[in-house]
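Examining the three-dimensional arrangement
For reference, the chains in residue letters:
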Amino acid sequence: MDADVLEELYHKYYRSAVLYCISLCGIQQLAEDIATDAFVKAYLSLPNDVTSFRYWLMKVCKNLWIDYLRKQRREVSDEYLPEISDGTTPETTYILNERNRCLWDTINTLPAADREMLILHYFSGLTLQEISQLTGRTAPAVRTRMMRLRQTLKRKMEEYGYGI
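Keep in mind the model is a prediction, meaning the values are calculated, not measured.

1. Things to note about the overall build of the chain
Along the chain, the regular secondary structure elements total 7 helices and 0 strands. For the chain, the computed accessible surface area is about 9,900 Å², with 51% contributed by carbon and sulfur atoms.

2. Observations concerning the packing of aromatic side chains
The tally for this structure, following the rule as stated, stands at 7 aromatic pairs. Ring geometry for Tyr14 versus Phe39: centroids 6.3 Å apart, planes at 45°, classification tilted. Of this pair, Tyr14 sits in helix α1 (residues 3-25) while Phe39 sits in helix α2 (residues 28-45), and the two are 25 residues apart along the sequence. Residue classification places Phe39 among the buried residues on the basis of a relative accessible area of 4%. Cluster of aromatic residues (ring-pair linked, three or more members): Tyr10, Tyr13, Tyr14, Phe39, Phe53 and Trp56.

3. Structural notes on the pattern of salt bridges
Tallied over the full model, the rule gives 4 salt bridges. The salt bridge involving Glu159 is made with Arg155; its shortest N-O contact spans 3.6 Å. Of this pair, Glu159 and Arg155 are both found in helix α7 (residues 139-159), 4 residues apart, which corresponds to roughly one turn of the helix. Accessibility expressed as a relative area gives 44% for Arg155, which makes it partly exposed.

4. So, the packing of helix α4 (residues 98-108) against helix α5 (residues 112-123)
How two helices pack is summed up by the angle between their axes together with the distance between the axes. For the pair α4 and α5, interaxial distance at closest approach is 9 Å and the crossing angle is 140°. The angle between α4 and α5 places the two elements in the oblique class. Mapping the contact onto sequence places Trp104, Ile107 and Asn108 in α4 and Arg115, Leu118, Ile119 and Phe123 in α5. Here the residues of the contact of α4 with α5 are counted per class, giving 5 nonpolar, 1 polar and 1 charged.

About the criteria used
- Residues numbered from 1 in each chain as written.
- Predicted model: local features only at pLDDT ≥ 70, side-chain atom pairs only at ≥ 80, totals over all residues.
- Heavy atoms only, no water.
- Helix = DSSP H or I, 4+ residues; strand = E, 2+ residues; numbered from the N terminus.
- Areas by Shrake-Rupley, 256 points an atom, 1.4 Å probe, with all protein chains shown as cover.
- Phe/Tyr/Trp six-rings, centres within 6.5 Å; stacked < 30°, edge-to-face > 60°.
- Buried < 20%, exposed > 50% of the residue type's maximum accessible area, 1.4 Å probe, protein only.
- Salt bridge = Lys/Arg side-chain N within 4 Å of Asp/Glu carboxyl O.
- Axes fitted to C-alpha atoms, helices over the stretch in contact; angles between N-to-C directions.
- Parallel < 35°, antiparallel > 145°, perpendicular 65-115°, else oblique.
- Contact = heavy atoms within 4.5 Å.
- Nonpolar A, V, L, I, M, F, W, Y, C, P; charged D, E, K, R; others polar.

What follows is the structure, given as structure tokens:
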């Protein structure tokens with residue numbers, strides 16, 4: 001892959017990749033490491049038949065996260081364990097106002113698979129079809145789940161006094 005093209009893709013998709021990785025692991029430093037590794041992988045071995053770089057990148061990020069988890073099973077390290085005492089999360093650095101912070105906190109209360117689908121769609125811009133391929137669910141199942149997740153988020157945000 002041409003270095004100039006990769007640099008352009010990096011500037012366009014790095015933030016989305018980091019946000020997606022944060023949704024997987026919840027740790028900003030680890031998420032940045034995984035996203036960076038995904039771009040290194042793109043530079044070294046991006047297939048020529050890739051039709052959607054963003055989709056391919058998110059798939060690589062997920063695979064790198066799975067590889068990381070497998071490695072962690074073999075060796076326990078507290079290098080990436082989040083601080084629990086102050087209650088702040090790495091995500092709050094990406095959230096600028098109180099409404100978005102409340103929405104982000106509400107998203108974080110969802111199960112990991114639901115959180116992943118929301119992040120992929122709304123923050124990384126993947127289509128429902130791409131999400132279905134990435135998660136191994138059928139497209140109608142993803143569409144139905146997303147509709148229910150939007151209803152759940154709306155209800156919870158209204159409980160906090162925010163309308164979506």
